[in-house]
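Each chain, written out:
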Amino acid sequence: MAVSSLRCIQSLGFSSRGRAFFPVGDCSRANARSMNCRLVFALRRILIEICVSNPRSHINARLCEQDALATTISCRKATFYSRSRSSLWTKGETSKNFINVHDIFLDCDRDSIIYLGKPDGPTCHTGSETCYYTSVNDVLEHKQIEGSRQALTTLYSLESTISQRKAELAVPQHVKPSWTKRLLLDSKFLCSKIREEADELCRTIEENEHGTRTASEMGDVLYHAMVLLALKDVKLEDVLDVLRHRFSQSGIEEKRSRGQQNEA
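What you are looking at is a predicted structure, and each value in this text was computed from that prediction instead of being measured. (Residues numbered from 1 in each chain as written. Predicted model: local features only at pLDDT ≥ 70, side-chain atom pairs only at ≥ 80, totals over all residues. Heavy atoms only, no water.)

Overview of the overall build of the chain
Put simply, the test is: Helix and strand assignments follow DSSP, with helices taken as H or I runs no shorter than four residues and strands as E runs no shorter than two, numbered in order from the N terminus. Exposure categories follow from relative accessible area, calculated using a 1.4 Å probe and restricted to protein chains: below 20% of the type maximum is buried, above 50% is exposed, and the middle band is partly exposed. Every residue pair with non-hydrogen atoms within 4.5 Å of one another is taken to be in contact. Accessible surface is estimated by sampling points in the Shrake-Rupley manner with a 1.4 Å probe; for residues, cover comes only from the protein chains shown.
Secondary structure assignment for the chain yields nine helices and nine strands. Counting all 264 residues of the chain, 31% fall into the buried class. Pairs at least 24 apart in sequence give 43% of the contacts found in the chain among residues at least 6 apart. For the chain, the accessible surface area stands at approximately 16700 Å², while carbon and sulfur atoms represent 52% of it.

As for the pairing of strand β8 (residues 99–106)
Applied cut-off: DSSP calls a pair of strands paired once it identifies at least 2 bridges connecting them.
Pairing geometry for β8 and strand β9 (residues 112–119), over seven bridges, is antiparallel. Residue pairing in the sheet places Val 101 in a bridge with Gly 117 of β9. The turn linking β8 back onto β9 is made up of five residues, and Arg 110 within it adopts a positive phi angle of 60°.

A closer look at the pattern of salt bridges
For clarity, the threshold we go by: By definition here, a salt bridge exists when the distance from a side-chain nitrogen of Lys or Arg to a carboxyl oxygen of Asp or Glu is within 4 Å.
Taken as a whole, this structure holds ten salt bridges when the rule is applied. Between Arg 85 and Glu 93 there is a salt bridge whose closest N-O contact spans 3.8 Å. Under the relative-accessibility criterion, Glu 93 is labelled partly exposed at 40%. Arg 203 is the partner of Asp 199 in a salt bridge, and the nearest nitrogen-oxygen pair spans 2.5 Å. Of this pair, Asp 199 and Arg 203 both sit in helix α6 (residues 187–206), four residues apart, which is roughly one turn of that helix. Judged by its relative accessible area of 31%, Arg 203 is partly exposed. Among the charged side chains, a network of salt bridges with common partners joins Arg 165, Glu 168 and Lys 181.

Laid out in structure tokens, this is it:
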């Protein structure tokens, strides 16, 4: 554990209610008396929720203590407190499927935190990408639990549905194809729809249409573009990763660099 993290631990103070306060920030400069941002460890444990680098889905939840958080800050690998082992545990110690943490967020009460990170592989011991694949509704309806199901956010849910439609194309079915399947089967038609929807989106500003119309047309553009991504076997996360790398770079500089690469 890094010296800076040890200093953070040494600066912990306990209140009369048995709570420990963990300074958050640059641990090498931590001063428990002056830090305004502090974590409250009720009973020396707090709950951590973890999601991938882009809020796609929650993939794991574990208990944490001061040492676990300090280790995570130091090594940038998600570390927890294991109740079964009664000790610290860094995810991936055995499987090598580490969760590489790039940011940590606190809730308003400072009694729970979120690790934002990118996993090296499946995060569940079952081999599933996430531990959250059991829907309460499925349990109540006595449906079979599938490890491939995930609690996804909107765009990733759409990506999952499109992927299912693509997989169904390989299985002969005596049913009328869905719109998504029709697009997947005809790339020229798909491209014409993307151009059509993009033009309609632009017309909402040219013709000063209401914002709800703009949102609707943008939804159409996103959907058809994501069908194209599926056809090209490109993941939405790959696109978002490109955007994240551009955050710290001027758009003008980024376009100039692309031009130089093309010339090379």
